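# A structural walkthrough
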There are 2 protein chains.
Amino acid sequence: MTTENTHDAIVIGAGSGGLTVAVGLSTFGKSVALIEANLVGGDCTNVGCIPSKLLLHHSTTGALAGDVLSTVRQRRDDLRKHEEDEYGTTDNIDLRYGHARLVGDGAVTSLRADHVIISTGSSPRRLAVDGLPGDRYLTNDELFELTEAPAKMVIVGAGPIGMEMAVAFRRLGTEIVVLDAAPQILPLMLPDAAAVVARTTTAMGIKLMPGLVAHGFDVDTISLAVGPLGGPPTDAINDVDVVLVAVGRVPNSEGLGLEDLGIETDRGRIVIDGKGRTNVDGVWAVGDVSTEGATTHAANAWGRRVIKHIVAPLAPAGARPDHPAVTYTSPEAATIGDQPVEVPGDVRRISYDFSKADRAYTDGVEDGVIIVDIRRFSGKVIGATVVGPRAGELISIFSLGMKAGVRFHKWYGTVWPYPSYADALGAVVDEYMVAAMKSVPSDALRWARGQLRR
Amino acid sequence: MTTENTHDAIVIGAGSGGLTVAVGLSTFGKSVALIEANLVGGDCTNVGCIPSKLLLHHSTTGALAGDVLSTVRQRRDDLRKHEEDEYGTTDNIDLRYGHARLVGDGAVTSLRADHVIISTGSSPRRLAVDGLPGDRYLTNDELFELTEAPAKMVIVGAGPIGMEMAVAFRRLGTEIVVLDAAPQILPLMLPDAAAVVARTTTAMGIKLMPGLVAHGFDVDTISLAVGPLGGPPTDAINDVDVVLVAVGRVPNSEGLGLEDLGIETDRGRIVIDGKGRTNVDGVWAVGDVSTEGATTHAANAWGRRVIKHIVAPLAPAGARPDHPAVTYTSPEAATIGDQPVEVPGDVRRISYDFSKADRAYTDGVEDGVIIVDIRRFSGKVIGATVVGPRAGELISIFSLGMKAGVRFHKWYGTVWPYPSYADALGAVVDEYMVAAMKSVPSDALRWARGQLRR
């Protein structure tokens, strides 16, 4: 039985990825059913990037904590209403609220289309903490509903969310303890880079306890037992009002009927190829629910790929540009590409003390680092780390340079405005040029040997 | 009579350009006599970039004005002492204090070398203001010696120095009026860009009076008569404590013996070619005293050119990269390349309201603009303007992209971290792509016609 399509495409989930795809396809004249089970804007607008950045900004204003939290909610809700209005009235977009389930042959419940794009996002991983009552257990889903700053908050997980919220709530006056099973905070960053954030957050009065996990909560003493992973508790944190659990995300891939259609997943994430396609014809995935997710800009970038390949099916997938990642602590901590802890032999690493930059001197910035890994001889930049003021913009310089394939010796001669923070990159390039020139013969030999081995 | 060289090179002036050349040549094993008539570090360290950025930063701390000004001097002097110690003890650099005069045949007073590099910088243009007593007349040379914030300051000249100091002293509590003969502040910027700074500085309580010049000061009423250039006074500013004159720079090219050697100048600036050479063999010039000066990073960039061509005389001059310029007002205002007021027919201009960026929303930034001029069809970026937070770093993205020749359509696909301020560039590129795609046929035709005409 053939049933007619109700739309050209069905997008499940109106978060960053889904909205990108829906808006993009609609501008190409495609009719799109956009189905949202919860709130338009998804995690980013409602419980992620937007309220966290609002909170990081407003926590610096000196306003009372309750007022700050109220302002954050108000501004967040205003933005969501704006998005609801905008996308609810966009030509070709049919915004519907409810849960969707794929039932085969291009149909989602009662809708049908040639293309179904799954963009259902992710949810916080709800690590169990023995004995912790529900009203003291927070994730980012609940955090922004607080109406007052807690007196004392333990944050389980020293990743981007945990560290950003540590900074914001510390500014509001909350006593903060951060745990992480890993031996350092921001475990995905290079140790020297994470150490900068460790020092600056410690100087703010945040207590960092890396290498420790939560073992259990005692409601009578309102204390949290902590210890090494797999070992017995070794310490207790007293007077704990709330615990913020920020230990990663789980993809929202349940209940969509993926198994019925045989859509391949990897640890719950929908496996996609370089065009954003799943293994089932006509079914695509973008964002956190896919294997290429994790950030709003990733959802956006992959959403654009999906649009391109739906509109122009024969277009090649093209190269996958490196994705930057920024943690908006104070200072910001940003990375792009690979940052191996052990530097491979064919890679030259330049590590620059960002506090030596002239602008750091004038602005009283006493800590920071820029680390760039460059393939020897070819000069290809394989990764970079910036921890310091405006790191989000400085890492973007690498994002463009790496995307455009600008070899690092070709950065030489770029004029950086003095005394911007970008001027520090001039010093980094200088160090690289000096180091590279000294070893041109040995690098050439190494490169030639590599070529011969192939 | 042949006299032996005393050094390989003589550098006259130990400011940004001279220090760059001296240090660079010394690392290549050349012996350098470095002659400074006043203070090591030149204008940048002593009366320019460094104290102005120190003041812009420290004026935000809420400290008392007198303490802020004292801290600025202390930090500035610390840096100068550090530079004096460093360069005074660098191998191959012979730092001497005094005035230098070229007397022909590679000799400067009693010194002699194959290369003489003139890097004597510039001084503030001392526009006369009738009746204004010396103790009320300030330029950037005297400004940082103030021990208290004046109650009321008139700033003559709304260029970068004038506008930066307006912001800094306004923060310290000074009542500020800014005049400029031009019909807008920041006369070198596009009107839409300068208008952002006009609105934000006005909102700070700074009074802007473009289109007016100072006609004369009345010491009895301590008032300044102002009016249009060439016309009679039309208004008076009362209770003026000091007047800061910031109406451009004059090159320090007097007394060097340039005429005796026949060194070519243009309105006092020493004319240099693409390698930094004057018309006289062995005599070079860099920085503000040359025709390629005006900023510390220009002095630095041209200093590097001179080093290269002294060390490797046969190397080609190479392309001249575009130089960015940043005014560190709040927000920062930055430009690079050409920004014609009238957009030529073969140029596409994208103008983006920076306050529409998501980060601007979270951070409460309500004003800003990004303007990019792109050659039609080729996609070559010919200029850009950024007024908004972190403009100094955002313009640096253009600096690298333009230096590396990355066409603007090749920027598409770069992943900008969300929600950094750089994410706004993604929106700018999107706007460009949409506009460019719509007009590919007409642009191709235009391009072909241009080719045929050649």
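No experiment lies behind these values; they were computed from the predicted model shown.

## Here we look at the overall build of chain A
Tallying secondary structure elements over chain A gives 14 helices and 24 strands in all. A globule of 454 residues ought to have a C-alpha radius of gyration of about 22 Å, and chain A, at 24 Å, matches this closely. Taking the principal axes of its C-alpha atoms as reference, chain A extends roughly 70 × 65 × 45 Å. The buried share of chain A, reckoned over its 454 residues, is 54%. Within chain A, counting contacts between residues at least 6 apart in sequence, those at least 24 apart form 62% of the total.

## What about the environment of G303 of chain A?
All names here are of chain A. If you trace the backbone, G303 turns up in helix α9 (residues 296-311). The sequence separation of G303 and T335 amounts to 32 residues, and the corresponding C-alpha distance is 22 Å. Not counting residues up to four positions away in its chain, the partners in contact with G303 are T20, V21 and V286.

## Some thoughts on the packing of helix α1 (residues 16-27) of chain B against helix α9 (residues 296-311) of chain B
All names here are of chain B. Running from N to C, α1 and α9 point in directions that differ by 30°, and their axes come no closer than 8 Å. By the criterion of interaxial angle, the relationship of α1 to α9 is roughly parallel. Seen from above, α1 lies across α9 with right-handed handedness. On α9, the residues touching S16, G17, T20, V21, G24 and L25 of α1 are T296, A299, N300, G303, R304, V306, I307, I310 and V311. Split by residue class, the contact of α1 with α9 holds seven nonpolar, seven polar and one charged.

## So, the environment of A9 of chain A
All names here are of chain A. On the secondary structure map, A9 appears in strand β1 (residues 9-12). Since its relative accessible area comes to 1%, A9 is described here as buried. The spatial distance from the C-alpha of A9 to the C-alpha of N300 is 17 Å, given a sequence separation of 291 residues. Discounting chain neighbours no more than four positions away, the residues touching A9 are L25, S31, V32, A33, A113, H115 and I117.

## Things to note about the nonpolar core
Ranked by internal contacts, the top residues of the largest apolar core, which has 161 residues, are F398 of chain A together with F398 of chain B. Once residues within four sequence positions are removed from consideration, F398 of chain A is found in contact with I336, V372, V381, A384, V386, K403, F408, W411 and L425 of chain A.

## So, the environment of E431 of chain B
Residue and element names in this part refer to chain B. Looking at the element boundaries, E431 is found in helix α13 (residues 423-438). Distance in space between the C-alpha atoms of E431 and A9 is 52 Å, their sequence separation being 422 residues. Leaving out residues up to four positions away in the same chain, E431 has contacts with I350, S351, Y352 and K356.

## A look at the relation of the copies chain A and chain B
For the pair chain A and chain B, the relating rotation is 180°, the translation along its axis is 0.0 Å, and the fit reaches an RMSD of 0.0 Å. Taken together, these values place the two copies in the relation of a two-fold axis. The position closest to the rotation axis in chain A is occupied by the C-alpha of I397 of chain A, lying 2.6 Å away. When you check the interface residues of chain A against chain B, 100% turn up at the interface there too, and the contact is symmetric in its surfaces.

## Comments concerning unusual backbone geometry
S330 of chain A connects to P331 of chain A through a cis peptide bond whose omega is 5°. With respect to the secondary-structure elements, P331 of chain A resides in the loop between β20 (325-327) and β21 (332-337). Going from Y418 of chain A to P419 of chain A, the amide bond is cis rather than trans, its omega being -10°. Relative to the helices and strands, P419 of chain A resides in the loop between α12 (408-411) and α13 (423-438). Despite not being glycine, A294 of chain A shows a phi value in the positive range, around 105°. On the secondary structure map, A294 of chain A appears in the loop between β19 (283-285) and α9. Within the chain, L186 of chain B stands out as a residue other than glycine whose phi angle is a positive 40°.

## Quick notes on the packing of aromatic side chains
Two measures describe an aromatic ring pair: the distance that separates the ring centres and the angle between the ring planes. Taken as a whole and assessed by the stated rule, the structure comprises 12 aromatic pairs over all chains. An angle of 85° between the planes, with centres 5.9 Å apart, marks the rings of F354 of chain A and Y421 of chain A as edge-to-face. Placement of the pair is F354 of chain A in the loop between β22 (347-353) and α10 (358-362) and Y421 of chain A in the loop between α12 and α13, with a sequence separation of 67 residues. Take F354 of chain A: its relative accessible area is 2%, and that puts it in the buried class. Aromatic pair F408 of chain B and W411 of chain B: ring centres 4.9 Å apart, planes at 55°, arrangement tilted. In this pair, F408 of chain B and W411 of chain B both sit in helix α12 (residues 408-411), three residues apart, roughly one turn of the helix. You'll find F408 of chain B and W411 of chain B in the same group, each marked buried. Among the aromatic residues, those joined into a cluster by ring pairs are F398, F408, W411, W416 and Y432 of chain A. Looking at R75 of chain A, its charged tip hangs above the ring of Y361 of chain B, at a distance of 4.1 Å from the centre.

## Brief notes about the sheet that holds strand β23 (residues 369-375) of chain B
Residues and elements named next belong to chain B. The sheet built from five strands is open, its strands ordered β20-β21-β24-β23-β22 with antiparallel pairing. For this open sheet the edge positions go to β20 (325-327) and β22 (347-353), each flanked by a neighbour on one side alone. Averaged over all neighbouring strand pairs, the angle between strand axes comes to 10°, with direction disregarded.

## Topic: the interface of chain A and chain B
Across the boundary between the two partners, chain A contributes 54 residues, which contact 54 residues of chain B. For the pair chain A and chain B, the summed buried surface comes to about 4600 Å²; carbon and sulfur atoms form 63% of the total. Run the count over chain A and chain B and you get 28 residue pairs in polar contact (both at pLDDT 80 or more). At the level of secondary structure, the elements contributing two or more residues to the side of chain A that touches chain B comprise α3 (49-58), α4 (65-88), α9, α10, α11 (391-403) and α12 of chain A. Ranked by residues supplied to the side of chain A that touches chain B, first place goes to α11 of chain A with 10 residues. Of the residues in the side of chain A that touches chain B, the class split is 26 nonpolar, 14 polar and 14 charged.

## Observations concerning the sheet that holds strand β11 (residues 207-210) of chain B
All names here are of chain B. With parallel pairing, the five strands of this open sheet are ordered in space as β8-β15-β9-β10-β11. Looking along the sheet, the strands with just one partner apiece sit at the ends: β8 (137-138) and β11. Relative to β11, strand β10 (residues 175-180) runs parallel, the two being bridged by four bridges. Following the sheet pairing, D180 is matched in β11 by P210.

## Describing the confidence of the model for chain A
Mean pLDDT over chain A works out to 94, with 96% of the residues at or above the 70 mark. Across the interface, the model reports ipTM at 0.94; the global pTM reads 0.95.

## Structural notes on the side chain of E164 of chain B
Residue and element names in this part refer to chain B. As for its position among the elements, E164 is in helix α6 (residues 160-171). Polar side-chain contacts of E164 include one of 2.8 Å to the side chain of K53. E164 has contacts with S52, K53, L56, V326, T327, Y328 and T329, leaving out every residue within four places of it along the chain.

## Considering the pattern of salt bridges
What the rule picks out here adds up to 44 salt bridges over all chains. Between E332 of chain B and R359 of chain A there is a salt bridge, with its nearest N and O atoms 3.1 Å apart. Here the residue E332 of chain B occupies a position in strand β21 (residues 332-337), and R359 of chain A occupies one in helix α10, the pair thus bridging two chains. R359 of chain A carries the same exposure label as E332 of chain B, and that label is buried. The partner of R249 of chain B in a salt bridge is D43 of chain B, with the nearest N and O atoms 2.2 Å apart. You can see R249 of chain B sitting in strand β16 (residues 249-251) and its partner D43 of chain B sitting in helix α2 (residues 42-47), a full 206 residues away along the chain. Residue classification places D43 of chain B among the partly exposed positions, given a relative accessible area of 29%. Through salt bridges with shared partners, a single ionic network connects R76, D77, R80, E84 and E145 of chain A.

About the thresholds
- Residues numbered from 1 in each chain as written.
- Chains lettered and ligands numbered in written order.
- Predicted model: local features only at pLDDT ≥ 70, side-chain atom pairs only at ≥ 80, totals over all residues.
- Heavy atoms only, no water.
- Helix = DSSP H or I, 4+ residues; strand = E, 2+ residues; numbered from the N terminus.
- Rg over C-alpha atoms; globule rule 2.2 N^0.38 Å.
- Buried < 20%, exposed > 50% of the residue type's maximum accessible area, 1.4 Å probe, protein only.
- Contact = heavy atoms within 4.5 Å.
- Axes fitted to C-alpha atoms, helices over the stretch in contact; angles between N-to-C directions.
- Parallel < 35°, antiparallel > 145°, perpendicular 65-115°, else oblique.
- Left-handed = near helix turned anticlockwise from the far one by under 90°.
- Nonpolar A, V, L, I, M, F, W, Y, C, P; charged D, E, K, R; others polar.
- Core = buried A, V, L, I, M, F, W, Y, C linked by side-chain atoms within 4.5 Å.
- Least-squares fit on C-alpha atoms with pLDDT ≥ 70 in both.
- Phe/Tyr/Trp six-rings, centres within 6.5 Å; stacked < 30°, edge-to-face > 60°.
- Lys NZ or Arg CZ within 6 Å of the ring centre and 35° of its normal.
- Pairing = 2+ DSSP bridges.
- Buried area = accessible area lost by both parts, 1.4 Å probe.
- Polar contact = N/O pair within 3.5 Å; in protein donor to acceptor, adjacent residues only side chain to side chain.
- pLDDT = per-residue confidence, 0-100.
- Salt bridge = Lys/Arg side-chain N within 4 Å of Asp/Glu carboxyl O.

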